[in-house]
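Summary of structural features
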Amino acid sequence: MINQDPVSLVVLTGILVLGAVVGRKFASTGSPLPPSNLRCEYLTNPLGVDVRLPRFYWVPNHEGRGQTQSAYRIIVATSPDAARGVVWDSGKTKSDRFTHIVYAGQPLVGGSTYYWKVRWWDKDGSAGPWSRIQSFDTGLFEQSDWKGIWIGGANQLRKEFSIEGEITRARAYICGLGYYELRINGRKVGMKVLDPGWTTYDKRVLYAVYDIGPYLKAGVNAAGVLLGHGWFKERALLLQIVIETADGKKLVVAGNKSWKVKNGPITEDSIYNGETYDARLEMKGWDSPGFKTPGWKAAEAVEGPKGVRSAQMMPPIQIVDSLVPVKMNLPQPGVFVFDLGQNVSGWALLRVAGPSGTTVKMRFAELVYADGMINQENLRSARAEDVYILKGEGEEVYEPRFTYHGFRYVEVTGYPGVPTAETIRGRVVHSAVRQIGSFVSSNPALNGLQKNITWGQKTNLHSVPTDCAQRDERMGWLGDAQGTAEEALYNFDMAAFYTNFLRDIRDVQDEKGQITDTVPHLWGFRPADPAWGTAYPLLAWYMYQYYGDTRILEEHYDGLKRYIGFLNGKAENGLVRYSYYGDWVAVEKTPGEIVSSFYHYYDVKILADIASILGKDAEAKEYAGQAEEVKKAFHAAYFDPKTKGYANNTQTANALALFLELAPGDARGSAWQNLFEDVAYKHDSHLTTGIIGTKYIMEVLTKFGNSDLAYDLAAQKTYPSWGYMIENGATTLWELWQKREGPSMNSHNHPMFGSVGSWLYKALAGINLDPSSVGFEKIKIEPRMVRDLTHAAGSVETLRGRVVCSWSHSSNRVTLESIVPVGSEAEIVIPKFKLRNVVLREGETLIWRARAAADAVPGLKSIAENASALTIKAGSGRYVFCLAGE
Ligand code: BGC
């Protein structure tokens, strides 16, 4: 039975709270273990940190339960053992904090390497061992630290230089636009591809720092750089190599006109269209010393972009995976179609042998026609085609450098002979953010959904969060970014990525405070749709909520104020009504203006909260007051007394009014009733929402005690639903609920409907931020045991450590395993499901309804029972609860 009445639930949870405090007298056993996951500015041993006061992070580990950190000591030094050249020794510092610890030593010097280690003391005063030694490299702090000039003139550039003496440290600082590949002495340096990240080049360019020591030798060395167009469209290189030797000398090799340039085998490269590589034009040894350069000319000084040079402080784009095709078909003579079985972003690695001049063409597609031929219609103008022309020297291996495609199928034509199982590998390429979350359940449909969400999300992280991976777009559409952000935050380590992207957003802001729909922005100009622009306040807010990052709030406060000031200027009678996309790609349209007004309220409210966190009390009050005004205006403008719902009474309109509690008193009940009836009866448990409504409807159904219905939507298999996509072969999420495969707008890898991903973690795995804290310092574990679901499990590697909830139930028991990290506290709500007269054990110990044993469990702080659940407060540790009843 669907519970229709939100009020009854409120009543139920209010009664019968039989609080019982379980003794705290237990000292936890075990000792502190070395801290793990040590990071600087959210990154592991980063090269190129151009923040002068970087922040440090670690995860304290402990064998015992109920543990917190009472003190730490951190040492930063210039020697690799972190013993000599100490620039900061915090001493034993009393603090329970182990995230965002701000450097407080001597001024850091740009272009240097620092080493650090940390240890911590537990709540009982026992010290843990020192961590392993970590390092970070500062970037070039001053623009004047750059010695070279922007050069170009061709797509291959080279320079020889000689090193005398023993190399003690060697770094390359490089920004090659649009994309570069750095090579030293015949080898590619590092693992980055499609580097640097895309920015608004006239505002900012990103440079990478490499440790090139392992590539160099005494004597003559050669550096080579390949340049591609990328998003820059032109080609320009800024490079500086700095080599320190044992005799204290410093050799600087900078980009200038003494470099030699020539066009190489890459004869065409374009992100959308693909790459053409003529291997006959290869010049063997061009990137090694001793190469003769007739036909090469001097590098030209080119006008580089005007933007400031910033270190790239986020996970780079890399080849993250290599897939073996699951099938090869021959739909026509000479046409081989490989199926990776998965929609990905990246390219194909090709193995081929044949006569010189043989031209092999690879074309990429998400779809195939019934006859097995690839269908590229939905790529619009993107040609998505890589061409390799053989040199004819035995087995040749090719993969492109300066393009990428969104695809599942690779069509190979012109292949000399018959391809084998080794011919093609699918290279999965995206920003190498770490996957930190997992979700599984007893319902395969949800597991399939989780799989499609994570594939869709990661393959759309290409230094900016993109809308799609395949057609002539792939841009940082803000609506898509904000809608999927919470899902991304549960599944991936987004801290450094979003820190960078927020700065990207600020970079497009103009003097009026306006921002654009896409970041970076390419197509014309108009101020962002408010549902898109809200990515600016929302991402900043999520960074604070999920990671406890206050520096982000400080850095963006002015930008956010200017953005909201701009929105306020657009308001008519207190409401922002302009809208272009609104509840984009909905089944039933909702007027765009209610969506814009909703986000105007949301943005002002967030700004008020940020102002208050930053101690700007007067502004906090002012914005909070404004938010109240918008709230009233919203209800007055959109509540329809006839339907007793909002705007045109769609699922989205009512979900928006309910999500932020914009509906007062009675209107709340009627809007809920309308929403419920619309979903459950009128649409037989189907969504009619677009990308905006979809995110909030799931949350609202759960908030109003109807997770069963939200679950029906998530597990639905008929149109429109996520399951319908899967039933129709989707391996990532589609852009549209409808099945379309023609030339119209219908990407088959669009992450935006993946917003449901955070709901899977929150509602089903039960892992929630507790609103009374940030960054998972307090955690609310509250799984909803819905319908026929007998098991769900989620695990999230938060900044403070791993949080786990895994539950299952049978007819007479509920088991719940939970992990709470050191320094965190969880409120764990174990639903009684249908059980009566329950008893609860933790491990072997009876802890509820058996007073003698109740305080026998370390880590637990209290237990309370009400009609529907047992609520336990617990400190850190792993717990296995078993609730048994009649
Ligand atoms: C993109 C979207 C984007 C939208 C704006 C589309 O072309 O692919 O995902 O948000 O335009 O309405």
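Check the entry above for the structure.
These lines cover the structure that appears in this document, whether it is placed above or below. Note that the structure is predicted; figures quoted are calculated from it, not measured.

Notes on the overall build of the chain
A count of helices and strands for the chain gives 16 helices and 49 strands. In terms of overall size, the chain behaves like a compact globule, its C-alpha atoms giving a radius of gyration of 29 Å where 886 residues would be expected to give roughly 29 Å. Projected onto the principal axes, the alpha-carbon positions of the chain cover approximately 90 × 65 × 55 Å. Counting only contacts in the chain whose residues sit at least 6 apart along the sequence, the fraction spanning at least 24 positions is 74%. Looking at the chain as shown, the accessible area adds up to about 31700 Å², and 51% of this sits on carbon and sulfur atoms. Seen as two clouds, the 97 positive and the 96 negative side-chain charges of the chain have centres 4 Å apart.

Things to note about the site of the ligand
The environment of the ligand is formed by D467, R471, E473, W477, D480, W532, Y581, W584, E735, H750 and M752. With respect to the ligand, the side chain of W532 contributes an N or O atom lying 3.1 Å from an oxygen atom. Within the complex, 95% of the 310 Å² of free accessible area of the ligand lies under protein. Considered class by class, the residues forming the shell around the ligand number 5 nonpolar, 1 polar and 5 charged.

Structural notes on the sheet that holds strand β15 (residues 187-188)
If you trace the 6 strands from one edge of the open sheet to the other, you get β15-β14-β17-β12-β20-β23, paired in antiparallel fashion. Lying at the two open borders of the sheet, with one neighbouring strand each, are β15 and β23 (297-298). Sheet analysis places strand β14 (residues 179-184) next to β15, joined by 2 bridges and oriented antiparallel. The residue bridging R183 from the neighbouring strand is K188, located in β15.

Considering helix α13 (residues 707-715)
The buried fraction of α13 amounts to 8 of the 9 residues, a majority that puts the element mostly inside the structure. Of the residues making up α13, those classed as buried are S707, L709, A710, Y711, D712, L713, A714 and A715.

Here we look at the sheet that holds strand β46 (residues 845-848)
The 7 strands lie next to each other as β36-β41-β42-β43-β49-β45-β46, forming an open sheet whose pairing is antiparallel. Each end of this open sheet is capped by a strand with a single partner; those strands are β36 (437-441) and β46. Within this sheet the neighbouring strands show an average axis-to-axis angle of 15 degrees, counted without direction. Here strand β45 (residues 839-842) runs beside strand β49 (residues 877-884); their pairing, made up of 4 bridges, is antiparallel.

Things to note about the side chain of T652
Its location among the elements puts T652 in helix α10 (residues 651-659). Overall, T652 belongs to the buried group, its relative accessible area being 1%. Not counting residues up to four positions away in its chain, the partners in contact with T652 are D583, T590, T689, G690 and G693.

Each value, and the rule that gives it
- Residues numbered from 1 in each chain as written.
- Predicted model: local features only at pLDDT ≥ 70, side-chain atom pairs only at ≥ 80, totals over all residues.
- Heavy atoms only, no water.
- Helix = DSSP H or I, 4+ residues; strand = E, 2+ residues; numbered from the N terminus.
- Rg over C-alpha atoms; globule rule 2.2 N^0.38 Å.
- Contact = heavy atoms within 4.5 Å.
- Areas by Shrake-Rupley, 256 points an atom, 1.4 Å probe, with all protein chains shown as cover.
- Lys, Arg positive; Asp, Glu negative; His and termini not counted.
- Charge placed at Lys NZ, Arg CZ, Asp CG, Glu CD.
- Near = heavy atom within 4 Å.
- Polar contact = N/O pair within 3.5 Å; in protein donor to acceptor, adjacent residues only side chain to side chain.
- Nonpolar A, V, L, I, M, F, W, Y, C, P; charged D, E, K, R; others polar.
- Pairing = 2+ DSSP bridges.
- Buried < 20%, exposed > 50% of the residue type's maximum accessible area, 1.4 Å probe, protein only.
- Axes fitted to C-alpha atoms, helices over the stretch in contact; angles between N-to-C directions.

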